[in-house]
Amino acid sequence: MNDLLDIYKRIEYLRNKGVKMKEIADHTNMAASVLSSLYSSVLPTFISSIKKGNTEEEALDYALSQVNNVSKKRLLGTLKELKEQLFELEPAPTVGQKDNPFLDMMTEEMLRSAQEVYNYSGIYISYSLSSSSNALKVEPYLITSSENNDYVKVIHMSAYNTTHSGIGIFNNHQNSYMMFNERESPQMALFTIYLQLPMYDFPHMLKGLYLCLDYNRNPIARRIIFIKHSDSTSMDDFLELKGELVAQENLTDKQVSYYNYTCQPGDYIKTCSVPSPLLNEKDLEREKKMLEI
């Protein structure tokens with residue numbers, strides 16, 4: 001079954017070169033939804049299962065059990081033809097584009113992340129410290145691959161029930177970054193969530209840091225916890241949930257644990273801007289004193 005690995009690497013190469021999934025599907029005479037399932041779920045799960053010591057037969061059966069639109073008989077019967085068609089397809093050469101190494105890296109990471117995110121897809125409830133009050137902030141997040149599997153789509157529902165859409169970088173099973181714009185375009189006020197990724201499949205809990213600007217536009221960082229609510233990636237299911245601020249006296253037993261982890265002294269890191277016409281080392285001393293108050 002080495003053809004399966006070759007097929008996965010070839011699709012990954014084409015996607016990283018900017019070839020759209022629909023273009024690949026049309027060239028291989030395969031339904032886009034089937035090709036998407038094969039690339040984003042079946043093949044990564046198959047490869048991961050092989051690495052864990054399962055036989056190729058066991059790994060493929062398990063991988064196919066995770067989806068409902070890929071037939072084992074049809075897949076094995078068309079492997080040779082599919083591989084030949086994929087290697088016939090070449091990305092169009094780029095003309096007149098100036099290289100930007102960082103943006104190129106980010107594009108590649110987004111494409112790669114879309115194939116890795118299946119292990120973390122779903123709806124989560126986050127818990128963190130509220131900037132406006134001494135309360136636990138409870139907010140839903142949706143993590144899923146985009147429709148064309150070219151980036152990780154992340155959606156945030158704030159405690160005030162406003163939604164923000166962003167992108168996620170999920171790679172190497174060690175850490176992830178989710179980035180959102182808190183303001184209406186064209187204004188930019190990014191907030192970023194850094195999460196540690198545990199080394200096992202389909203984790204129930206993710207921990208990390210929430211990095212943003214406070215109401216005075218000063219940078220802050222605080223702990224955040226993501227608890228898996230559902231494996232669903234349906235927008236309708238997500239929109240049924242609401243964010244809220246929970247006062248300490250109204251916390252449930254589980255929420256007390258989340259509050260104690262995220263809302264205690266030392267769990268909130270910030271800086272502050274001190275108005276000064278000098279902008280020198282004395283300002284650093286004044287800032288430290290103000291933060292100690």
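Residues numbered from 1 in each chain as written. Predicted model: local features only at pLDDT ≥ 70, side-chain atom pairs only at ≥ 80, totals over all residues. Heavy atoms only, no water.

Engineer: With reference to specific residues and values, describe the packing of helix H3 (residues 32-51) against helix H4 (residues 56-65).
Structural biologist: Here H3 crosses H4 at 145°, and the two axes come no closer than 8 Å. For H3 against H4, the interelement crossing comes out right-handed. On the side of H3, the interface is formed by Val 42, Thr 45, Phe 46, Ser 49 and Ile 50, while H4 contributes Glu 56, Ala 59, Leu 60, Tyr 62, Ala 63 and Leu 64. Tallied by class, residues from the contact of H3 with H4 come to 8 nonpolar, 2 polar and 1 charged. (Axes fitted to C-alpha atoms, helices over the stretch in contact; angles between N-to-C directions. Helix = DSSP H or I, 4+ residues; strand = E, 2+ residues; numbered from the N terminus. Left-handed = near helix turned anticlockwise from the far one by under 90°. Contact = heavy atoms within 4.5 Å. Nonpolar A, V, L, I, M, F, W, Y, C, P; charged D, E, K, R; others polar.)

Engineer: Can you lay out the environment of Asn 181 for me, pointing to particular residues and giving the numbers?
Structural biologist: Of note, Asn 181 is situated in strand E5 (residues 175-181). The exposure class of Asn 181 is partly exposed, given its relative accessible area of 24%. Along the backbone, Asn 181 and Ser 165 are 16 residues apart, and their C-alpha atoms lie at a distance of 7.7 Å. If we ignore the near neighbours within four places in the chain, the residues touching Asn 181 are His 164, Gln 187, Met 188, Ala 189 and Leu 190. (Buried < 20%, exposed > 50% of the residue type's maximum accessible area, 1.4 Å probe, protein only.)

Engineer: An account of the nonpolar core is needed here, citing residue identities and associated values.
Structural biologist: Among the nonpolar cores identified, the biggest contains 28 residues, and Ile 24 and Leu 75 are the most heavily contacted of them. No other element matches the 7 residues that H3 contributes to this core. Excluding its chain neighbours within four sequence positions, the residues that come into contact with Ile 24 are Ile 11, Leu 14, Arg 15, Val 19, Leu 35, Leu 86 and Leu 89. With 20 residues, the next largest nonpolar core counts Phe 170, Met 178, Tyr 210 and Phe 226 among its residues. (Core = buried A, V, L, I, M, F, W, Y, C linked by side-chain atoms within 4.5 Å.)

Engineer: Go over the layout of surface pockets, please, and point to the residues and values.
Structural biologist: Looking at the largest pocket, its volume works out to about 1200 Å³. Around the largest pocket, the lining comprises 47 residues; the ones closest to its centre are Ser 40, Ser 41, Val 117, Tyr 118 and Asn 119. The set of elements that each furnish at least two residues to the lining of the largest pocket consists of helix H1 (2-16), H3, H4, helix H7 (101-116) and strand E2 (135-145). The biggest single contributor to the lining of the largest pocket is H3, with 11 residues. When the residues that make up the lining of the largest pocket are grouped by side-chain class, the tally is 15 nonpolar, 21 polar and 11 charged. (1 Å grid on protein atoms, 1.4 Å probe; cavity = no way out; pocket = protein on both sides within 12 Å on 5 of 7 lines; lining within 4 Å. Points joined across faces, edges and corners; volume = space filled by probe spheres on them.)

Engineer: Before we move on, can you summarise the environment of Glu 56 with the specific residues and values?
Structural biologist: Within the secondary structure, Glu 56 is located in helix H4. The sequence separation of Glu 56 and Asn 2 amounts to 54 residues, and the corresponding C-alpha distance is 9.7 Å.

Engineer: Hey, could you go over a nonpolar patch on the surface for me, with residue numbers and the actual values?
Structural biologist: A contiguous nonpolar patch, built from Phe 102, Leu 103 and Met 105 and spanning about 310 Å² of accessible area, is present on the exposed surface. Tracing the backbone shows Phe 102 in helix H7. (Patch = residues over 30% accessible without salt bridge, like charges linked within 9 Å, V, L, I, M, F, W, Y side chains within 5 Å. Areas by Shrake-Rupley, 256 points an atom, 1.4 Å probe, with all protein chains shown as cover. Salt bridge = Lys/Arg side-chain N within 4 Å of Asp/Glu carboxyl O.)

Engineer: Run through H4, naming residues and quoting values.
Structural biologist: Turn by turn, an α-helix covers 3.6 residues, leaving residues three or four places apart pointing in a common direction. All of the buried residues in H4 are Ala 59, Leu 60, Ala 63 and Leu 64. The buried residues of H4 occupy an angular sector of 125° when projected down its axis, which confines them to one face. Each element contacted by the buried residues of H4 is listed here: H1, H3 and helix H5 (72-77). (Arc of directions from axis to C-beta.)

Engineer: Tell me what's going on with the packing of aromatic side chains, and back it up with residues and numbers.
Structural biologist: All chains considered together, the criterion is met by 9 aromatic pairs. Ring centres 4.3 Å apart and planes at 35° place the aromatic pair Tyr 127 and Tyr 258 in the tilted group. Of this pair, Tyr 127 sits in strand E1 (residues 122-129) while Tyr 258 sits in helix H9 (residues 253-262), and the two are 131 residues apart along the sequence. Judged by relative accessible area, Tyr 258 falls into the buried class, the value being 12%. Members of the aromatic cluster, joined through ring pairs, are Tyr 124, Tyr 141, Phe 180, Phe 191, Tyr 210 and Phe 226. The lysine or arginine in question, Lys 137, covers the ring of Tyr 210, its NZ or CZ lying 4.7 Å from the ring centre. (Phe/Tyr/Trp six-rings, centres within 6.5 Å; stacked < 30°, edge-to-face > 60°. Lys NZ or Arg CZ within 6 Å of the ring centre and 35° of its normal.)

Engineer: So, the pattern of salt bridges: which residues are in play, and what are the values?
Structural biologist: For the structure shown, the criterion picks out 9 salt bridges. Between Glu 109 and Arg 112 there is a salt bridge, with its nearest N and O atoms 3.2 Å apart. With a gap of 3 residues between them, Glu 109 and Arg 112 both fall in helix H7, about one helical turn apart. Overall, the relative accessible area of 23% leaves Arg 112 in the partly exposed class. Through salt bridges with shared partners, a single network forms among Asp 3, Asp 6 and Lys 83.

Engineer: Give me the lowdown on H1, citing residues and values where you can.
Structural biologist: Between its terminal C-alpha atoms H1 stretches 21 Å, which fits the 21 Å expected from 15 residues at 1.5 Å a residue. Within the span of H1, buried status applies to Leu 4, Ile 7, Tyr 8, Arg 10, Ile 11, Glu 12, Leu 14 and Arg 15. Close packing links the buried residues of H1 with helix H2 (21-27), H3, H4, H5, helix H6 (79-88) and H7. Among the residues trailing H1, Gly 18 stands out with phi positive, at a value near 95°. (Expected span 1.5 Å × (residues − 1).)

All quantities given are derived from atomic positions and should not be read as evidence of function.
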